[in-house]
Amino acid sequence: MIVTEFMKDPSSVADTRGEWIELYNTLPWRVNIEGWVLADDSGSQVVLSNGGLGLRLAPGQYFVVGNSADTTLNGSVPVQHAYSGFVLGNGADQIVLQKPNGLVVDRVAYDDGVAWPDLAGRSISLTRNLHDAFSNDDGAQWCPSTTSWNASNPDTGTPGFENELCP
Ligand SMILES: [Ca+2]
Ligand SMILES: [Ca+2]
Ligand SMILES: [Ca+2]
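Residues numbered from 1 in each chain as written. Chains lettered and ligands numbered in written order. Predicted model: local features only at pLDDT ≥ 70, side-chain atom pairs only at ≥ 80, totals over all residues. Heavy atoms only, no water.

Novice: Could you give me a rundown of the pattern of salt bridges, with the residues and numbers involved?
Specialist: Evaluation of the coordinates by the stated rule reveals three salt bridges. Here Arg 107 and Asp 41 are joined by a salt bridge, their closest N and O atoms 2.8 Å apart. On the criterion of sequence distance, the pair formed by Arg 107 in strand E10 (residues 104-110) and Asp 41 in the loop between strand E4 (37-39) and strand E5 (45-47) is long-range, its members being 66 residues apart. Note that Arg 128 and Glu 162 form a salt bridge whose closest N and O atoms lie 3.7 Å from each other. Note that Arg 128 is positioned in the loop between strand E11 (124-126) and strand E12 (142-144) and Glu 162 in the segment after E12, a separation of 34 residues in sequence. With a relative accessible area of 38%, Arg 128 lands in the partly exposed category. (Salt bridge = Lys/Arg side-chain N within 4 Å of Asp/Glu carboxyl O. Helix = DSSP H or I, 4+ residues; strand = E, 2+ residues; numbered from the N terminus. Buried < 20%, exposed > 50% of the residue type's maximum accessible area, 1.4 Å probe, protein only.)

Novice: So what about the sheet that holds E12? Which residues, and what values?
Specialist: Judged by pairing direction, the sheet is mixed, and its six strands sit side by side in the order E8-E7-E2-E1-E11-E12 without closing on themselves. Looking at strand neighbours, the two that pair on one side only are strand E8 (81-82) and E12, the edges of this open sheet. Both E11 and E12 contribute to a ladder of three bridges, which runs antiparallel. If you follow Ile 124 over to E12, its bridge partner there is Pro 144. (Pairing = 2+ DSSP bridges.)

Novice: Let's hear about the nonpolar core: which residues, and what values?
Specialist: By size, the foremost hydrophobic cluster in this structure holds 29 residues, and its most contacted members are Phe 6, Ile 21, Ile 33 and Leu 38. At the level of elements, strand E1 (2-7), strand E2 (20-24), strand E7 (62-66), strand E9 (93-98), E10 and E11 are the ones that each hand at least two residues to this core. Apart from residues lying up to four places away in sequence, Leu 38 is in contact with Ile 21, Ser 44, Gln 45, Val 46, Leu 48, Val 65, Tyr 83, Phe 86, Ile 95, Val 96 and Leu 97. (Core = buried A, V, L, I, M, F, W, Y, C linked by side-chain atoms within 4.5 Å. Contact = heavy atoms within 4.5 Å.)

See the structure below:
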C-alpha cells in the first residue's frame, strides 16, 4: 500500500475541504486498511475508521481519502473515505501510512518546492511506471499533474485513476 498522489494545496476550494491523498494497493491480494493511521512527523495523526465495515482495496486499486467526501464542497473529488484532523502542509510535510500496530507501510516526505513539485491547484503525482514505496521517496519521480478530473474544476489530478507518466 503506497501513496501515489496528493493534493496539498487546492485552488478551487479551501484546503479544509479540498485536500486529498490517493493510495494504491501494490499487493496481489485484497487489503483492509480500516484502523490504519495517517500521520506526520510532528505528531498529527488520524485513524482511518469506518465503523468496522472495512476499507478494502482490491489488488491494483486506487483509493482516495480526503478531508471531505462531499463533492459539492470538495471540488468534485471522488473521495471514498473522509477523515478529519489531518492537514497537508502547503510547504514541507510528511504523509506516513501506518498499520494499527505502528508499522510504517509507506512514507512520503515532501519539501517546499526544492526537490518536489509545488504548484497550487495541481496535485503531486507519482509517475505511473514507478509505483513502489521506495521510488516514491524521491521527489524527482513525482510531477505536477496536468489533467482535470472534473470539467467544473480547473484544478488538476487523477484522484482514483491511473497517474500520468511524468515527463
Ligand atoms: Ca494544505
Ligand atoms: Ca515511501
Ligand atoms: Ca491518480
